[in-house]
Amino acid sequence: MADQPSPKSFESGFVPGRHIIDTYGNGGFRFAGMSHRGSILMLPSGVRAWDVTEPQAIDRTALRPIQAEAAGIELLLVGTGLDIAAIDPALRGWLKDFGVGLDVMQTGAAARTYNILVAENRKVAAALIAVA
């Protein structure tokens, strides 16, 4: 790997377009030839840095970008870290009001599932908490 250039940084906190997640772990993600330390939102419009570090912080405010793009999202995959964590049923209902389904799983499973659904051109988004 020494002969490969290092990935570009995700300094702006946003990269437009739909991208596959190349790798995850070690506290971050690689996608679109870039790397990011921390959590991310994979949206129809692009990839955003996400300041959520634990499942308990997932609330309406944290998911406002999902609400803003709800017309292009049928399913939101939430990766809650190394363990599956419960999401407030009221939050699930709030998303359903916008026509967005919710599936909660470990971050690794969510990243892999996201890649498959994007390859199938499905209307999917992902909220992924970074894992070590």
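Cut-offs used in this document
Residue numbers here run from 1 along each chain, matching the order of that chain's written sequence. Given that the model is predicted, a residue must reach a pLDDT of at least 70 before its local features are reported, and side-chain atom pairs must reach 80 or more before they are shown or counted; all residues, however, enter totals for whole chains, interfaces and linings. Values reported for side chains reflect all heavy atoms of the structure, with hydrogen atoms and water molecules removed beforehand. Secondary structure follows DSSP: runs of H or I at least 4 residues long count as helices, runs of E at least 2 residues long count as strands, and numbering of each begins at the N terminus. The globule rule used for comparison is 2.2 Å times the number of residues to the exponent 0.38, while the radius of gyration itself is calculated over C-alpha atoms. Any residue under 20% of the maximum accessible area for its type is buried, any over 50% is exposed, and the rest in between are partly exposed; the area is computed with a 1.4 Å probe on protein chains only. Any pair of residues with heavy atoms lying within 4.5 Å of one another is described as a contacting pair. Accessible areas in this description were obtained via Shrake-Rupley with a 1.4 Å probe; residue shielding takes into account the shown protein chains only. Here Asp and Glu are counted as negative and Lys and Arg as positive; His is not counted, and neither are the chain ends. Charge positions come from single atoms, namely NZ of Lys, CZ of Arg, CG of Asp or CD of Glu. If DSSP finds at least two bridges between two strands, the strands pair. Here a Phe, Tyr or Trp ring, Trp counted by its six-membered ring, pairs with any other such ring whose centre lies within 6.5 Å, and the pair is stacked when the planes are under 30 degrees apart, edge-to-face when over 60, and tilted otherwise. The length a helix should cover is 1.5 Å for every residue beyond the first. N or O atoms within 3.5 Å of each other form a polar contact, as long as, within protein, one can give a hydrogen and the other can take it, and as long as residues adjacent in sequence are counted only when both atoms are side-chain atoms. Any carboxyl oxygen of Asp or Glu within 4 Å of a side-chain nitrogen of Lys or Arg constitutes a salt bridge here.

The chain goes by Mth938-like domain-containing protein in an unreviewed UniProt entry, where it is assigned to Methylobacterium radiotolerans.

## Quick word on the overall build of the chain
Along its length, the chain carries three helices and ten strands. Traced from its N-terminal end to its C-terminal end, the chain shows the element sequence β-β-β-β-β-β-β-α-β-α-β-α-β. Relative to the 2.2 N^0.38 estimate, which gives 14 Å for 132 residues, the radius of gyration of the chain is 14 Å and therefore close to what a compact globule would have. By principal-axis analysis of the C-alpha atoms, the chain measures approximately 50 × 30 × 25 Å. Taking all 132 residues of the chain together, 44% fall into the buried category. Excluding contacts between residues fewer than 6 apart, the proportion of contacts in the chain whose partners are at least 24 apart in sequence is 67%. Of the roughly 7000 Å² of accessible surface on the chain, a fraction of 51% belongs to carbon and sulfur atoms. The positive charge centre, built from 12 side chains, and the negative charge centre, built from 13, are 4 Å apart in the chain.

## A few points about the pairing of strand β10 (residues 124-128)
Most of β10 is tucked away, with five of its five residues classed as buried. Going residue by residue along β10, you find Val124, Ala126 and Leu128 tucked away on one face and Ala125 and Ala127 tucked away on the opposite face as well. Summarising the sheet, strand β8 (residues 75-79) and β10 pair through five bridges and their orientation is parallel. Bridge pairing links Leu77 to Ala126 in β10.

## What to know about the packing of aromatic side chains
Taken as a whole, this structure holds one aromatic pair when the rule is applied. Measuring from centroid to centroid gives 5.2 Å for Trp94 and Phe98, while their planes differ by 85°, and the two rings are edge-to-face. Relative accessible area serves as the criterion here: at 7%, Trp94 is assigned to the buried category.

## Looking at helix α3 (residues 107-119)
Note on helix geometry: an α-helix contains 3.6 residues per turn, so any two residues three or four positions apart are oriented the same way. The terminal C-alpha atoms of α3, which comprises 13 residues, lie 18 Å apart, in line with the 18 Å expected from a rise of 1.5 Å per residue. Among all positions of α3, only Thr107, Gly108, Ala110, Ala111, Tyr114, Asn115, Leu117 and Val118 are buried. For α3, the elements touching its buried residues are β3 (21-25), β4 (28-31), β6 (39-42), β8, β9 (101-105) and β10. Positive backbone phi, at 60°, marks Asn121, one or two positions downstream of α3.

## As for the side chain of Ser39
Locating Ser39 in the fold gives a position in strand β6. Polar side-chain contacts of Ser39 include one of 3.1 Å to the backbone nitrogen of Ala130. Other than its neighbours up to four places away in sequence, Ser39 contacts Phe29, Arg48, Ala49, Trp50, Val52, Thr53, Leu128, Ile129 and Ala130.

## Remarks on the pattern of salt bridges
As a working rule, side chains carrying opposite charge can pair if their charged atoms are close by. With the rule as written, the count across this model stands at one salt bridge. The partner of Arg122 in a salt bridge is Glu120, with the nearest N and O atoms 3.6 Å apart. Residue class for Arg122 comes out partly exposed when judged on its relative accessible area of 38%.

## Section: the environment of Ile87
Secondary-structure assignment places Ile87 in the loop between β8 and α2 (89-97). Judged by relative accessible area, which is 12%, Ile87 ranks as buried. Residue contacts for Ile87: discarding those within four places in its chain leaves Ile58, Val78, Thr80, Leu102 and Val104.

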